[in-house]
Amino acid sequence: MATASQSEVQFRFVVAGGGIAGVTCAQQLASQFPSLDIVLLTAAPMVKTVSNFRQVSKTLEDFEVEEQPSSVLEEKYPNLKVIQSAVTVLHAKQHTLLTENGQVFHYEKLCVCTGARPKLIIQDNPHVLGIRDTDSAQEFQKRLSSAKRIVVVGNGGIALELVYEVEGCEVIWAVKDKAIGNAFIDAGAAQFIIPSLEAEKPKKALPCKRTRYTTDKDTAPNTGSEGPGSALGPDWHESISLRGAEQVSPHLIALLEPIHSVLLLLKIAVFPFSTGVWPIYAQLSNGKTYGCDFIVSATGVVPNTEPFLHGNNFDLAEDHGLKVDEHMQTSEPDVYAAGDVCTAGWEPSAFWQQMRLWTQARQMGWYAARSMAADILGEAIELDFCFELFSHITKFFNYKVVLLGKFNAQGLGQDHELLVRCTKGLEYVKVVLRGGRMMGAILIGETDLEETFENLILNQMDLSPYGQELLNPNIDIEDYFD
Ligand code: FAD
């Protein structure tokens, strides 16, 4: 590090954002360049670290995520300096960043990993909440504890988890799609898991190999409202009670239509200054109006790009993410981006798509660091293998869920066929085929098929000779294709 002036400091590598993408990027740079000082600038007092990383198969990953004070990171990497001060301005041409505390950082290579924030259906309404970080989850918990009815709007992973986990409070779930959870699963899989909503929940979660989120309560400082924190992730709700005001109420879900036709929400109107008995009302496209204690807006995220845009020339994607090429480089020289803040702008493999998930944040952060290093060292680098096949392990309604490749036939139009095997309450297996070759799969339950299907997608073997037999439960498919 060379000090240019008292308030201007110079580093070869600067990373902005203390979530999984930023921390992974900074750790990789710190270990590859032990003699260089690496700086990680972050808005929140806590950082996210990956632990117990395990490569389950070629592309499936299993790891735990811990929220820790930055000192833990600095102890492990003596050349990594974590500074808690949000970036307020970027001057890409001058290669400088300004932070909230007035310091100027001059960089040779910068990686932007500032994540994303909830896309709220209505801004600045105290009765409309988004869930993103520890602070917003705690606010949600506090409000829920005295709530009798809430409206959850959205159909992604967060909405799915919420409607399953919330107890002691009536939940109105408003989705605009034909089936629940359509970002992750299809209508058939939705039908398979819906009975879990009405069933008694198990006391203890069934063991399930998946990403787990933990917060070290002993070391965690009070986060207060000290700027945008990192996004929560899987199991975020396990450490907090999601119980409403009704002591004996069952886990009641009010879907707006009979469950088979699921719900319609094409338009929502909220009346903030209602004179009724509820603090807020939601009018839905089916003509009904529901009063509730508050609305949870779980309708996706918006990348946190604002401090970086003014006066610079970034290519932005349609979803407002910083567009990155196959080296995670943005359109501004020497500025890379990774995680939720960026949008993959390269021609993706036939079996990969970007989804704003923990696993991809880690992979992108790691690969961005490798690309930054390769550039400095004048080495060539190829797109990492992890971007060959989309793969994700998660848990919905207490079922283990594995998603592979084009699991929802994304981008395949009519040019595909589906094979489905379903045993009520036990497993749901769906395979997407094109021209007899496997393009993707959804595996719900303990199917043990993930590795075999991963191989079948990657090697594009012609499976047409097997027809329906591919999913015959009496055939040990693992042995068959070994
Ligand atoms: P983040 O984790 O959001 O980190 C961004 C960092 O940037 C933070 O440290 C923040 O303080 C910092 N920052 C922001 N602005 C600035 C600034 N101006 N200057 C400096 N620093 C700044 N993913 C899964 O894979 N599985 C799940 O089950 C899952 N469940 C989820 C549940 C919830 C409730 C939420 C909100 C997300 C969930 N996700 C899940 C998504 C996952 O958490 C994100 O994809 C992932 O955390 C993105 O990591 P990131 O590092 O890109 O961003």
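Residues numbered from 1 in each chain as written. Predicted model: local features only at pLDDT ≥ 70, side-chain atom pairs only at ≥ 80, totals over all residues. Heavy atoms only, no water.

**Describing empty space enclosed by the protein**
For the structure shown, the criterion picks out two cavities of 30 Å³ or more. Of the voids in this model, the second largest cavity is the one considered here, and its volume is about 40 Å³. For the second largest cavity, the full set of lining residues is T59, W352, Q360, Q363, C386, L389, F390 and S391. For the lining of the second largest cavity, the class distribution of residues is four nonpolar, four polar and no charged. (1 Å grid on protein atoms, 1.4 Å probe; cavity = no way out; pocket = protein on both sides within 12 Å on 5 of 7 lines; lining within 4 Å. Points joined across faces, edges and corners; volume = space filled by probe spheres on them. Nonpolar A, V, L, I, M, F, W, Y, C, P; charged D, E, K, R; others polar.)

**Some points on the packing of helix α1 (residues 20–32) against helix α8 (residues 358–377)**
Where α1 meets α8, the axes come as close as 7 Å, and the angle between the chain directions of the two elements is 35°. The interaxial crossing formed by α1 with α8 has right-handed handedness. Two secondary-structure elements touch here, α1 through I20, A21, T24, C25, Q28, L29 and Q32 and α8 through W358, A361, R362, G365, W366, A369, R370, M372, A373 and L377. The residue inventory of the contact of α1 with α8, partitioned by class, reads eleven nonpolar, four polar and two charged. (Axes fitted to C-alpha atoms, helices over the stretch in contact; angles between N-to-C directions. Helix = DSSP H or I, 4+ residues; strand = E, 2+ residues; numbered from the N terminus. Left-handed = near helix turned anticlockwise from the far one by under 90°. Contact = heavy atoms within 4.5 Å.)

**Some thoughts on the pairing of strand β27 (residues 427–434)**
Counting buried residues in β27 gives seven out of eight residues, a clear majority hidden from the surface. Here strand β26 (residues 417–423) hands over to β27 after three residues, with G425 in that stretch at a positive phi of 75°. Here seven bridges tie β27 to strand β28 (residues 437–444), and the two strands are oriented antiparallel to one another. Along β28, the bridge assignment pairs V432 with G440. The loop that links β27 with its antiparallel partner β28 comprises two residues; one of these, G435, has a positive phi angle of about 55°. (Buried < 20%, exposed > 50% of the residue type's maximum accessible area, 1.4 Å probe, protein only. Pairing = 2+ DSSP bridges.)

**Let's talk about the packing of aromatic side chains**
Aromatic ring pairs are reported here in terms of the distance separating the ring centres and the angle at which the planes meet. Evaluation of the coordinates by the stated rule reveals eleven aromatic pairs. Aromatic side chains W346 and W352 sit 5.5 Å apart centroid to centroid with 20° between the ring planes, which places their arrangement in the stacked category. When its relative accessible area of 2% is taken as the criterion, W352 is described as buried. Arranged with centres 5.5 Å apart and planes meeting at 35°, the rings of F390 and F407 form a pair that is tilted. On the criterion of sequence distance, the pair formed by F390 in the loop between α8 and β24 (391–396) and F407 in the loop between β25 (399–405) and β26 is long-range, its members being 17 residues apart. A single burial state applies to F390 and to F407, both of which are buried. Among the aromatic side chains, those forming a connected cluster through ring pairs are W346, W352, Y367 and F387. (Phe/Tyr/Trp six-rings, centres within 6.5 Å; stacked < 30°, edge-to-face > 60°.)

**Details of the pairing of strand β7 (residues 87–91)**
Relative to strand β8 (residues 96–99), β7 runs antiparallel, the two sharing four bridges. Bridging from a neighbouring strand, V87 pairs with T99 of β8. The antiparallel hairpin formed by β7 and β8 contains four residues in its connecting segment, where H95 sits at a positive phi of about 60°.

**What about the environment of S51?**
Relative to the helices and strands, S51 is located in strand β4 (residues 46–55). As for S51 and V65, which are separated by 14 residues in sequence, their C-alpha atoms are 6.0 Å apart. With residues up to four places along the chain from it excluded, the contact list for S51 reads F63, E64 and E66.

**A look at helix α4 (residues 157–165)**
Within α4, seven of the nine residues are buried, leaving the element largely enclosed by the surrounding structure. For α4, every residue scored as buried is listed here: G157, A159, L160, E161, L162, V163 and Y164.

**Examining the nonpolar core**
Grouped together as the largest cluster of nonpolar side chains are 100 residues, with contacts concentrated most on L97, F140, I150, M328 and I444. The biggest single contributor to this core is α8, with nine residues. The contact partners of M328, leaving out residues within four places of it in the chain, are Y336, A337, A338, C342, W346, M364, Y367 and A368. One finds L389, L404, L433 and I457 within the second-largest nonpolar core, a separate group that totals 25 residues. (Core = buried A, V, L, I, M, F, W, Y, C linked by side-chain atoms within 4.5 Å.)

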